[in-house]
Every structure is written in structure tokens, then in C-alpha cells.
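Single-letter residue listing:
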Amino acid sequence: MREHADPLLAAVVFALFARAFLFQAFEVPSRSMEKNVLTGDHLLVNKFLFAPHRDAPAAWLLPSRAVRRGDIIVFKYPEDPRRDFIKRVVALPGEIVAIRDKRVFVDGRLLDEPYAFHSDDRVWPDDPAVPEEGRRRDQLPPRTVPQDSYFVMGDNRDDSRDSRFWGPVPSRNLEGRAMFVYWSLPPRSSDARRGWRELLRLPLEIIRRTRWDRAFLPVR
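From a predicted model like this one, the values you see are computed outputs, not experimental measurements.

1. Here we look at the pattern of salt bridges
Link 1 in the chain: Here the structure, examined in full by the defined rule, presents 19 salt bridges.
Link 2 in the chain: Close ionic contact of Asp-155 with Arg-88 constitutes a salt bridge, the shortest N to O distance being 2.8 Å. One end of the pair, Asp-155, is in the loop between β9 (149–153) and α3 (163–166); the other, Arg-88, is in strand β4 (residues 84–91), with 67 residues separating them in the sequence.
Link 3 in the chain: Assessed through its relative accessible area of 2%, Arg-88 is described here as buried.
Link 4 in the chain: Put simply, Asp-158 and Lys-102 hold a salt bridge, and the shortest N to O gap is 3.3 Å. Of this pair, Asp-158 sits in the loop between β9 and α3 while Lys-102 sits in the loop between β5 (96–100) and β6 (103–106), placing them 56 residues apart in sequence.
Link 5 in the chain: Each of the salt bridges in this network shares a partner with another, and the network as a whole consists of Lys-102, Asp-120, Arg-122, Arg-137, Asp-138 and Asp-158.

2. Some remarks on unusual backbone geometry
Link 1 in the chain: Along the chain, Glu-34 connects to Lys-35 via a cis peptide bond; the corresponding omega equals 10 degrees.
Link 2 in the chain: Within the element layout of this structure, Lys-35 appears in the loop between β1 (23–27) and β2 (41–46).
Link 3 in the chain: Positive phi values are uncommon outside glycine, yet Phe-216 reaches one of about 60 degrees.
Link 4 in the chain: The topology assignment puts Phe-216 in the loop between α5 (202–209) and β12 (217–218).

3. Section: the sheet that holds strand β7 (residues 109–110)
Link 1 in the chain: The strand order across the open sheet built from four strands is β7-β6-β5-β8, with neighbouring strands paired in antiparallel fashion. In the strand order of this sheet, the two ends are held by β7 and β8 (140–144), each with one partner.
Link 2 in the chain: Where β5 and β6 come together, four bridges link them in antiparallel fashion. Across the sheet, Arg-100 pairs through a bridge with Arg-103, a residue of β6.

4. Here's the deal with the side chain of Arg-214
Link 1 in the chain: Relative to the elements of secondary structure, Arg-214 occurs in the loop between α5 and β12.
Link 2 in the chain: Here Arg-214 falls in the buried class, since its relative accessible area comes to 10%.
Link 3 in the chain: A polar atom in the side chain of Arg-214 sits 3.0 Å from the backbone oxygen of Asn-36.
Link 4 in the chain: The residues touching Arg-214, leaving out its near neighbours within four places in the chain, are Asn-36, Val-37, Leu-38, Asp-41, Val-181 and Ser-184.

5. Focus on the environment of Phe-23
Link 1 in the chain: Within the secondary structure, Phe-23 is located in strand β1.
Link 2 in the chain: Using a relative accessible area of 31% as the deciding quantity, one classes Phe-23 as partly exposed.

6. Things to note about the confidence of the model for the protein
In low-pLDDT segments, the atomic positions of the prediction should not be examined closely.
Link 1 in the chain: Scored by pLDDT, the protein has a mean of 86; 82% of the residues are at 70 or more.
Link 2 in the chain: pLDDT under 50 marks residues 9–21. Its contacts with residues more than four places away, or in other chains, come to seven contacts.

7. Quick look at the nonpolar core
Link 1 in the chain: By size, the foremost hydrophobic cluster in this structure holds 15 residues, and its most contacted members are Ile-73, Phe-75, Val-89, Tyr-150, Val-152, Trp-166 and Leu-174.
Link 2 in the chain: With residues near it in sequence (within four places) discarded, Trp-166 still touches Phe-75, Tyr-77, Pro-78, Glu-79, Phe-85, Val-152 and Arg-161.
Link 3 in the chain: Grouped together as the second largest cluster of nonpolar side chains are twelve residues, Met-33, Leu-43, Val-45 and Val-181 included.

Calculation notes
Just so you know, the residues in each chain are numbered from 1, in the order the chain's sequence is written. Per-residue local features of the predicted model are confined to residues with pLDDT of at least 70, and side-chain atom pairs are confined, for both listing and counting, to 80 or more; whole-chain, interface and lining totals are unaffected and use all residues. To obtain the side-chain values, all non-hydrogen atoms of the structure were included, while hydrogens and water were left out. Put simply, a salt bridge is a Lys or Arg side-chain nitrogen that is within 4 Å of an Asp or Glu carboxyl oxygen. Only runs of H or I of at least four residues qualify as helices and only runs of E of at least two qualify as strands under DSSP, and these elements are numbered from the N terminus. Burial classification: accessible surface area is computed with a 1.4 Å probe over protein chains only, and a residue below 20% of its type maximum counts as buried, one above 50% as exposed, and the rest as partly exposed. Note on pairing: two strands pair once DSSP finds at least 2 bridges between them. Nitrogen and oxygen atoms within 3.5 Å of one another constitute a polar contact, given that in protein one can donate a hydrogen and the other can accept it, and given that sequence-neighbouring residues count only through two side-chain atoms. Every residue pair with non-hydrogen atoms within 4.5 Å of one another is taken to be in contact. Confidence per residue, as judged by the predictor, is encoded in pLDDT with a range of 0 to 100. Here the nonpolar core consists of buried residues drawn from Ala, Val, Leu, Ile, Met, Phe, Trp, Tyr and Cys, with membership extended through side-chain atoms lying within 4.5 Å.

Rendered as C-alpha cells:
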């Protein structure tokens with residue numbers, strides 16, 4: 001029995017180690033990163049890239065670097081650390097970020113953002129008569145990103161709750177950088193039937209609904 005138990009135990013220990021320190025699976029729950037990352041995408045997240053392990057034994061096996069503008073990161077939501085969010089890094093610590101008419105400026109320079117997507121053609125002005133949600137979405141006075149923090153935004157700029165609304169993300173909240181899509185399954189409609197016949201057909205339905213063209217698609 002021990003001959004069979006030892007390899008199984010080793011596999012479990014390695015899986016737990018990888019889950020804690022190396023990689024993490026993450027399912028995208030919302031449309032905030034469309035059209036680059038879709039609702040229902042299942043991502044593999046690199047957890048060690050931003051980790052401070054340079055002085056650890058065999059650190060060369062776990063390459064690391066600083067967070068860069070444009071990185072798509074997974075992090076603990078600052079207002080509820082039990083939830084994980086995914087956004088793109090727009091501004092780094094010490095930089096001044098501002099938004100004017102949906103255009104993002106960092107240190108006074110307009111960012112080139114080919115990945116940004118706008119689902120609403122309206123531009124809300126910086127007018128007290130406009131609801132605060134609209135003003136924050138499209139207009140943001142210049143503000144300095146605190147040290148050890150990052151200003152993040154969803155690629156779907158008109159349908160994303162991000163640093164415009166709840167502030168920068170502290171570096172301690174970072175989980176890792178999204179690497180690639182390993183599986184993609186669009187969510188079912190809320191009124192979909194779930195009887196026993198539907199359950200029997202579920203495996204075939206999953207195969208049919210899977211977005212195979214997104215398998216192993218790099219996240220950029």
C-alpha cells in the first residue's frame with residue numbers, strides 16, 4: 001500500500017505547492033476586460049513573477065521582475081480581499097494619472113492603448129449635474145499613484161469597476177500576472193433549464209459551447 005501511497009502523496013504535495021507559490025487557476029466572472037479577456041475564460045496565473053524571492057535558494061529557477069504598465073494582473077479586491085479581480089496596469093507608483101474625455105494621460109502624456117474598448121459612445125463631462133459614476137468613468141483629475149501601489153483599469157472602459165472608483169491596488173494585494181487561457185466556456189443564461197435530462201446532456205453541451213479557438217491563447 002505504501003508503494004502506491006507515496007507517489008500519490010508526493011503528487012498532492014507538489015500540487016499544493018504549485019497552487020500556493022507558482023500558478024493559480026482563475027475564472028473571469030465579468031465583462032470588464034472585453035474584448036481581450038472574455039467572461040468565462042479560465043486563465044492560468046503566474047504567481048511567482050512578482051514575488052520577492054530573489055534571495056531564496058534556487059531563485060534563478062523562478063524568474064521575477066517588477067510590474068510593468070500594460071500587465072494584466074489578478075489581485076485581491078482592496079474593498080473585499082476575499083474576491084479576486086483582473087485588470088490591466090495603467091500607471092505605476094509615483095506616476096500622475098488623469099483621464100480627460102475617456103483618454104488616459106500618465107505624467108501628462110496620452111497613453112497609446114490599442115487594447116481599450118468603449119461600449120458606450122457617450123462622454124460624460126466633468127459637471128456636478130452629471131451623476132458621480134458617470135464623471136468618474138470619463139473624467140479623472142490628476143492624481144499621484146502612491147508608492148507600492150498600481151492604478152488599474154478594465155479594457156472595457158465603460159463597463160468596469162476599477163481604480164477610477166475605488167483607488168489604486170496595493171502591491172501586497174497582487175496575486176500574479178495572467179499568462180494564457182487554458183479553457184473558455186461562456187456562461188449559461190440565467191433562465192436555462194436544469195432538469196435531469198439537461199444534466200445528462202451536460203457533457204455534450206460543454207463540448208459544444210466551449211470556445212476552442214481560445215484554448216492556450218496568450219493574455220496580452
